[in-house]
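# Fold and contact review
Residue strings, one per chain:
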Amino acid sequence: MTRLTRPLVSTIALSLAGVTTQAALADDATLDFGVPAWPGITVKTEIAEQLLNPLGSDTQTHEIGLQVIYQGMESGDVDAFLGAWLPAQKEMFEPRKASGVLTDVANNVDGAQMTLAVPAYLHERGIQSFADLDEHRDEFNGQIHGFGAGSAASEILHNAIDNDTWGLGDWSLVDTSEVGMLSAAQDAISREEAIVWVGWTPHWMNLKLPMRYLEDPENLFGENNGESDVRTLLRSDYADAHPALVTFFEHLSLTADEQSWMIQAFGQEERDLAEVAQQWINDHPERVEAMLADVTTTEGDAAWPVIEARLQ
């Protein structure tokens, strides 16, 4: 497996200009993953690669931004994406789903959620809903902390500000990065100051930070207070050409707690990516066996005995 960054962006630009063709890419045996700089998606993709490579599949992982991933699926340069948060990414997802560009295979995380979060001590003081924020605007300096311009959460919050939803019209969004956002949250919590940020599970923040999610009757981040699916997407031409891989991805799923552990181990503790993925596979043989029950190698043999023989 190979990790690429800038080269794929150039390839996508050429594809959008019509230099490459969908027909040629549909026959390409290499499975190209699009992965944003999110620890959870990175580890989950590594697990998929460690299971697929011994079965005969050739894979590549391209570390690129979210919008470029969706563009890449449309142009034919990206075949798979394991981080389609819905409904947060619906503006990018729905048009391509409707046009037939991508195939929505399955939800791969059970118990996912995304919405705004505050420290537990603010929640105990009564700041428990989006509706409570503007009353305490000065404490928050009129700022909501996000994890990056161009993210689905950023678009949701910019729309809320533009529409003055919950009185947020005179607030601003501080969009830095996931690391920058959570560093700001940890810093504020260490001084018991007010801060509100985009929170989600699965993530290590749920294990390490004293935090609570805000209620949102307007469902800005989706129904049931930001309840989310994390969908596995395949480029439709690729899915049609590789039905065995569709079967594999239909069975690849994790709990939110399992993925939170992965994110903590790789994203916070900075353990080796391959080691974290391999540990999960080694620690959950029964889960892996169930995932591979209907999967075969590229030669048509049962997948599980191949993987079982490699377990440490």
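Residues numbered from 1 in each chain as written. Predicted model: local features only at pLDDT ≥ 70, side-chain atom pairs only at ≥ 80, totals over all residues. Heavy atoms only, no water.

## Comments concerning helix H3 (residues 39–52)
Taking 1.5 Å of rise per residue, the 14 residues of H3 would be expected to cover 20 Å, and the 20 Å separating its terminal C-alpha atoms lies within 8% of that figure. Buried residues dominate H3, accounting for 14 of its 14 residues. (Helix = DSSP H or I, 4+ residues; strand = E, 2+ residues; numbered from the N terminus. Expected span 1.5 Å × (residues − 1). Buried < 20%, exposed > 50% of the residue type's maximum accessible area, 1.4 Å probe, protein only.)

## Structural notes on the side chain of aspartate 216
The residue aspartate 216 is located in the loop between strand E11 (211–213) and helix H11 (223–226) in this model. The charged side chain of aspartate 216 is buried without a salt bridge, its nearest counter-charge being lysine 90 at 11 Å. In terms of polar contacts, aspartate 216 uses its side chain to reach the backbone amide nitrogen of glutamate 218, at 3.0 Å. (Lys, Arg positive; Asp, Glu negative; His and termini not counted. Salt bridge = Lys/Arg side-chain N within 4 Å of Asp/Glu carboxyl O. Polar contact = N/O pair within 3.5 Å; in protein donor to acceptor, adjacent residues only side chain to side chain.)

## Quick word on unusual backbone geometry
Cis geometry is found at the peptide bond from leucine 86 to proline 87, where omega equals 15°. Residue placement: proline 87 occurs in the loop between strand E4 (80–86) and helix H5 (90–99). A cis amide bond, omega 15°, links threonine 201 with the succeeding residue proline 202. Within the secondary structure, proline 202 is located in the loop between strand E10 (197–201) and helix H10 (205–208). For aspartate 164, which is not glycine, the phi torsion reads 55° and is therefore positive. Following the sequence through the fold, aspartate 164 ends up in the loop between helix H8 (152–162) and strand E9 (172–175). With phi around 55°, glutamate 192 is a residue other than glycine that occupies positive phi space.

## A few points about the environment of valine 101
With respect to the element layout, valine 101 can be found in the loop between H5 and strand E5 (102–107). Through-space distance from the C-alpha of valine 101 to that of serine 177 is 29 Å; in sequence the pair is 76 residues apart. Residues contacting valine 101, with those up to four places away along its chain left out, are Met73, Glu74, Arg96, Arg235 and Ser236. (Contact = heavy atoms within 4.5 Å.)

## Let's talk about the packing of H3 against helix H14 (residues 256–268)
In the contact formed by H3 and H14, the axes pass within 8 Å of each other and the chain directions differ by 100°. On the basis of the axis angle, H3 is roughly perpendicular to H14. Only Gln259, Met262, Ile263, Phe266 and Gly267 of H14 make contact with H3, whose side of the interface consists of Pro39, Gly40, Ile41, Thr42, Val43, Lys44 and Ile47. Grouping the amino acids of the contact of H3 with H14 by side-chain chemistry returns seven nonpolar, four polar and one charged. (Axes fitted to C-alpha atoms, helices over the stretch in contact; angles between N-to-C directions. Parallel < 35°, antiparallel > 145°, perpendicular 65-115°, else oblique. Nonpolar A, V, L, I, M, F, W, Y, C, P; charged D, E, K, R; others polar.)

## Quick word on the packing of aromatic side chains
In the structure shown here, the tally under the stated rule is six aromatic pairs. Plain terms: the ring middles of phenylalanine 33 and phenylalanine 249 are 6.1 Å apart, the flat faces sit at 75° to each other, and that makes the pair edge-to-face. Taken as a pair, phenylalanine 33 in strand E2 (residues 31–35) and phenylalanine 249 in helix H13 (residues 243–251) lie far apart in primary sequence, 216 residues in all. Phenylalanine 249 gets classed as buried once you look at its relative accessible area, which sits at 0%. When the centroid spacing of 6.3 Å and the interplanar angle of 85° are considered together, the rings of tryptophan 38 and phenylalanine 147 count as edge-to-face. Pair noted here: tryptophan 38 is in the loop between E2 and H3 and phenylalanine 147 is in the loop between strand E8 (143–146) and H8, with a separation of 109 residues, a long-range link. Of the two residues examined, tryptophan 38 and phenylalanine 147, each falls in the buried class. What links up through ring pairs into an aromatic cluster is the set Phe33, Phe248 and Phe249. (Phe/Tyr/Trp six-rings, centres within 6.5 Å; stacked < 30°, edge-to-face > 60°.)

## Side note on the pattern of salt bridges
A full pass over the atoms with the stated rule returns 10 salt bridges. For the salt bridge of arginine 231 with aspartate 229, the shortest nitrogen-to-oxygen distance reads 3.1 Å. Between glutamate 275 and arginine 271 there is a salt bridge, with its nearest N and O atoms 3.0 Å apart. Since its relative accessible area comes to 41%, glutamate 275 is described here as partly exposed. Counted as one network, the salt bridges with shared partners bring together Asp104, Asp229 and Arg231.

## Considerations on the side chain of glutamine 89
As for its position among the elements, glutamine 89 is in the loop between E4 and H5. For glutamine 89, a relative accessible area of 2% corresponds to the buried category. For glutamine 89, the residues in contact, after removing those within four places along its chain, are Trp38, Leu66, Tyr70, Phe81, Gly83, Ala84 and Ala152.

## Concerning H13
Along H13, the residues that are buried comprise Leu245, Val246, Phe248 and Phe249. Down the axis of H13, the smallest arc covering the buried residues is 160°, so these residues share one side. If you follow the buried residues of H13, they end up packed against E2, H3, E4, E5, strand E12 (227–235) and helix H12 (236–241). (Arc of directions from axis to C-beta.)

## Some details on the confidence of the model for the chain
Mean pLDDT over the chain stands at 90; residues scoring 70 or higher make up 91%. Per-residue pLDDT stays below 50 along residues 1–27; that stretch engages in 50 contacts with residues further than four places along the chain or on separate chains. (pLDDT = per-residue confidence, 0-100.)

## Looking at the pairing of E10
Burial analysis of E10 places five of its five residues in the buried class, which makes it a mostly covered element. The alternating pattern of E10 places Trp197, Gly199 and Thr201 and Val198 and Trp200 on opposite faces, both of which are buried.

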